[in-house]
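Given next are the chains, with one letter for each unit.
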Amino acid sequence: MSKEVAPSVGEGTKERRRPKLIRVTTVSQSLAILLPGQLKFLNQFFDVVGVTSEDGFIQLVRDREGIRVEEIHIAREISIWSDIKSFIALYRFFRKEKPEIVHTNTPKGSLLSMVAAKMARVPHRIYLVTGLRYLGTEGKLRTLLKTMEKITCWAANKVIPEGQGVKKILMDDHITKKPLEVIHYGNINGKDVNYYSLEATQKKYGCREDFRKSMGIEDDEFAFVFVGRIVGDKGMNELATAMKNLSPRYPKMKLVLVGPYEKELDPISPEAESFFLSDASTIMTGNQDDVRPYLMAADALVFPSYREGFPNVVLEAGCLGLPSIVTDISGCNEIIVEGENGVIVPPKDAEQLQTAMEMFLSKPDILAALATNARSMIVSRFKQEDIWAALLKMYQEEIQKKK
């Protein structure tokens, strides 16, 4: 972290009140999972307050980050009466607390918070756009969700796209005319590269070979891993097609699927479901709180998603030294550089996905070269301390503008 950045806001905080920074998310899990360490760091320079719905993580955030967290219920889905009550509660809270900054990053919480903060005359209203919910929807729902994004951006006085891909969509879809600038190289929090390391993972779970054996993967087998929801939007149908074609020719190949299998929203095709559940090449682990040992056990990540904001699993796989096959979508194509730490294929293209997977299986020299660069490229661009420093600098600059 840059030495000249961190101290500047902290100077004199013993003699005067620290500026108040309120971070709002729709659910407390977002504070807990998306922002580990960031709020504790910022609390050295600001009076940081979290505002969120309780879903079991509020006390964890209080204990880990050492900040005050207040509960204001915000429904994840559209619910007019509930949303009105949440809006009023947020407005009253902002009026009472008089923060210098309100910073939001989840869609529903951001909409209500930015409008409430504007009405409460909060001077700095920052909206970090991590994903756009209207993508992948159609008709009236798409129009409604786009309108919600436009209102959120209108109420904010600074809009930050999480990555260059999100920035392009915001501009192309005319969501806002405000200046858009990505912080550092993108991503909301970066990665703890010490935690996501082979050394830390082996210390907790034992050596790679033993963990592979516990999963039924032999030493001479090649293991792809996917981490995420098992749904159509994540490219599971194309992945099943590619695996079905490759499996007979590469009997020493395994696919490890780490994540919840969701049948209600965006289910995979019956053919894909049948393959994953019946073929000996596939290992389904279900949802896992810690994905590190599964990344450690694999030889490459395959992530054929249709749309992302800035996918954490691609960062985490890189930290564990895995080359990746990703689709040419926002976030993924900002983490993976073609031919350097992975391969980029078109989304919804089973044939190109299969070709990339076969290259990894048949050309170990290319795979080794990509793996050599994987961790260093993440550490150099997405180390969380660097992102925290860039975020702190942005806050400093915003506050100075109003003086």
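Notes on the structure in this doc start here. Source: prediction; values computed, not measured. (Residues numbered from 1 in each chain as written. Predicted model: local features only at pLDDT ≥ 70, side-chain atom pairs only at ≥ 80, totals over all residues. Heavy atoms only, no water.)

1. Here we look at the overall build of the chain
For the chain, the helix and strand inventory stands at 18 helices and twelve strands. Relative to the globule expectation of 22 Å for 403 residues, the C-alpha radius of gyration of the chain, 22 Å, shows essentially globular dimensions. For the chain, the spread of C-alpha atoms along the three principal axes comes to 65 × 50 × 35 Å. In the chain, buried positions account for 54% of the 403 residues. (Helix = DSSP H or I, 4+ residues; strand = E, 2+ residues; numbered from the N terminus. Rg over C-alpha atoms; globule rule 2.2 N^0.38 Å. Buried < 20%, exposed > 50% of the residue type's maximum accessible area, 1.4 Å probe, protein only.)

2. Things to note about the packing of helix H11 (residues 236-246) against helix H12 (residues 270-278)
Running from N to C, H11 and H12 cross one another at 55°; their axes reach a closest spacing of 9 Å. Taken together, the axes of H11 and H12 are oblique relative to one another. Here the hand of the crossing between H11 and H12 comes out left-handed. In this structure, H11 contributes Met236, Asn237, Leu239, Ala240, Met243 and Lys244 to the contact, and H12 contributes Ala272, Phe275 and Phe276. (Axes fitted to C-alpha atoms, helices over the stretch in contact; angles between N-to-C directions. Parallel < 35°, antiparallel > 145°, perpendicular 65-115°, else oblique. Left-handed = near helix turned anticlockwise from the far one by under 90°. Contact = heavy atoms within 4.5 Å.)

3. Here's the deal with the packing of aromatic side chains
Under the criterion given, the structure shown has twelve aromatic pairs. Ring plane angle 70° and centroid distance 5.4 Å describe the contact between phenylalanine 41 and phenylalanine 45, whose orientation is recorded as edge-to-face. With a relative accessible area of 7%, phenylalanine 41 lands in the buried category. Residue phenylalanine 45 is classed as buried on the basis of its relative accessible area, which comes to 7%. One Lys or Arg, lysine 118, reaches over the ring of tryptophan 154 and ends 5.0 Å from the middle of that ring. (Phe/Tyr/Trp six-rings, centres within 6.5 Å; stacked < 30°, edge-to-face > 60°. Lys NZ or Arg CZ within 6 Å of the ring centre and 35° of its normal.)

4. With respect to the state of the cysteines
The final tally for this structure, using the stated rule, is zero disulfides. Here cysteine 319 is not cross-linked by a disulfide; its sulfur's nearest cysteine counterpart is in cysteine 332, at 15 Å. (Disulfide = S-S within 2.5 Å.)

5. Describing the pairing of strand S9 (residues 282-286)
Relative to S9, strand S8 (residues 253-258) is paired through four bridges, and the arrangement is parallel. Along S9, the bridge assignment pairs valine 256 with isoleucine 283. In terms of handedness, the path from S8 via H12 over to S9 forms a crossover that is right-handed. (Pairing = 2+ DSSP bridges. Right-handed = clockwise from strand over helix to strand, strands pointing away.)

6. Considering the sheet that holds strand S10 (residues 300-303)
Taken together, the six strands give an open sheet; going across it, the order is S9-S8-S7-S10-S11-S12, and neighbouring strands pair in parallel fashion. With partners counted over all chains shown, the strands left at the sheet margins are S9 and strand S12 (342-345), one partner each. The average angle at which neighbouring strand axes cross in this sheet is 25°, direction not considered. Bridging between strand S11 (residues 324-327) and S12 involves four bridges; their strand directions are parallel. The residue of S12 that forms the bridge with valine 326 is isoleucine 344. H11 contacts strand S7 (222-227), S8 and S10 of the sheet and is inclined by roughly 160° relative to S8.

7. A word on H12
Among the residues making up H12, those that are buried are Ala272, Phe275 and Phe276. Along the axis of H12, the buried positions cluster into a sector of 95°, meaning they face one direction only. Of the exposed residues in H12, the ones pointing more than 90 degrees away from its buried face are Pro270, Leu277 and Ser278. Buried residues along H12 sit in contact with H11, S8 and S9. (Arc of directions from axis to C-beta.)

8. A few points about the side chain of threonine 152
Within the secondary structure layout, threonine 152 lies in helix H7 (residues 139-155). Within polar-contact distance, the side chain of threonine 152 engages the backbone oxygen of methionine 148 at 2.8 Å. Setting aside residues up to four positions removed in sequence, threonine 152 forms contacts with Ser110, Leu111, Met114 and Tyr127. (Polar contact = N/O pair within 3.5 Å; in protein donor to acceptor, adjacent residues only side chain to side chain.)

9. A word on the environment of lysine 401
Secondary-structure assignment places lysine 401 in helix H18 (residues 384-401). The exposure class assigned to lysine 401 is exposed, which follows from its relative accessible area of 59%. Counting along the chain gives 215 residues from lysine 401 to glycine 186, while the straight-line C-alpha distance between them is 23 Å. In terms of polar contacts, lysine 401 uses its side chain to reach the side chain of glutamate 398, at 2.9 Å.

Note that all results are geometric; they support no functional claim without further evidence.
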